[in-house]
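What follows is the residue order along each chain.
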Amino acid sequence: MTVAHKWTFALFGLVAFGGVHAQQAHPDAPFLCEGGDGSTDRTTLAEVVGDGRAHFVAGTDDCPSTADRCREKAYLIPGDQVLAGDVRGDYACVMFPDNQDGHAGWLPRNRLRPVLAQPSPSAWEGDWVQGDNRITIRHDNGMLRADGEAYYPMADPPPDQFPGGPNLGAMGGEARPSGHHATFVDDACEVSAFLVGKFLVVSDNHQCGGLNVRFDGIYRRR
């Protein structure tokens with residue numbers, strides 16, 4: 001599939017697909033759908049099911065709905081995994097991580113099924129990167145250990161634009177994963193991570209470093 005829309009960070013909610021409540025949930029969902037009210041506070045991993053393409057649906061005016069004017073060009077295919085949160089009627093707000101910036105939008109809830117299987121701790125291991133930011137995760141006896149570095153505006157900014165060098169941030173800590181989610185706490189810094197296929201989707205509490213330093217983003221293994 002092809003998507004090209006950026007996503008932002010907000011709080012979202014528990015999703016029930018076909019009356020089945022997803023088990024993996026956490027209050028930090030790293031996406032915001034246009035037209036969402038942000039009234040719920042949990043997120044979960046889901047898989048696209050059914051036949052053929054599942055097109056994203058707009059959230060403006062009287063959308064989302066089945067009207068042709070609400071249908072977007074971007075779509076997912078069966079087997080794609082997404083983070084799902086806020087619900088509006090028969091639609092759920094989802095975020096699909098990809099090799100660009102990810103795509104957030106509305107999908108029909110009947111095209112989504114919760115992913116209940118828990119990945120092994122070894123699936124989390126790796127050196128995860130997003131731009132110059134890095135998070136390294138290792139595991140031991142079911143526990144994950146993380147350490148990371150983040151920079152603003154980048155690790156080596158031009159001296160004429162940022163003469164004092166970058167603002168720095170750091171994260172660390174241990175976590176026992178719950179489903180596809182883990183939270184790492186290091187003093188005041190709290191980092192929430194979701195393992196979505198080959199991507200690690202990360203948000204922090206904005207207390208992990210200097211001014212404008214964030215770990216937020218979609219990370220890939222180096």
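Read on for an overview of the structure. All values reported here derive from a predicted model rather than from experimental measurement.

1. Considerations on the state of the cysteines
- All told, the structure shown has two disulfides when counted by the stated rule.
- Through a disulfide, Cys63 is tied to Cys70; the S-S separation comes to 2.0 Å. On the S-S bond that ties Cys63 to Cys70, the torsion sits near -80°, and the link is left-handed. Of the two residues, Cys63 and Cys70, both sit in the buried class.

2. Comments concerning the pairing of strand 12 (residues 143–152)
- Looking at chain direction, strand 11 (residues 133–140) and strand 12 are connected through seven bridges and run antiparallel. Pairing of His139 across the sheet is with Leu144, part of strand 12.
- Taking the residues between adjacent antiparallel strands as the criterion, strand 11 and strand 12 are bridged by two residues, where Asn141 takes a positive phi near 55°.
- Note that strand 12 and strand 13 (residues 167–175) share nine bridges and pair antiparallel. Residue pairing for strand 13: Asp147 is matched across the bridge by Gly172.

Calculation rules
Residues numbered from 1 in each chain as written. Predicted model: local features only at pLDDT ≥ 70, side-chain atom pairs only at ≥ 80, totals over all residues. Heavy atoms only, no water. Disulfide = S-S within 2.5 Å. Buried < 20%, exposed > 50% of the residue type's maximum accessible area, 1.4 Å probe, protein only. Pairing = 2+ DSSP bridges. Helix = DSSP H or I, 4+ residues; strand = E, 2+ residues; numbered from the N terminus.

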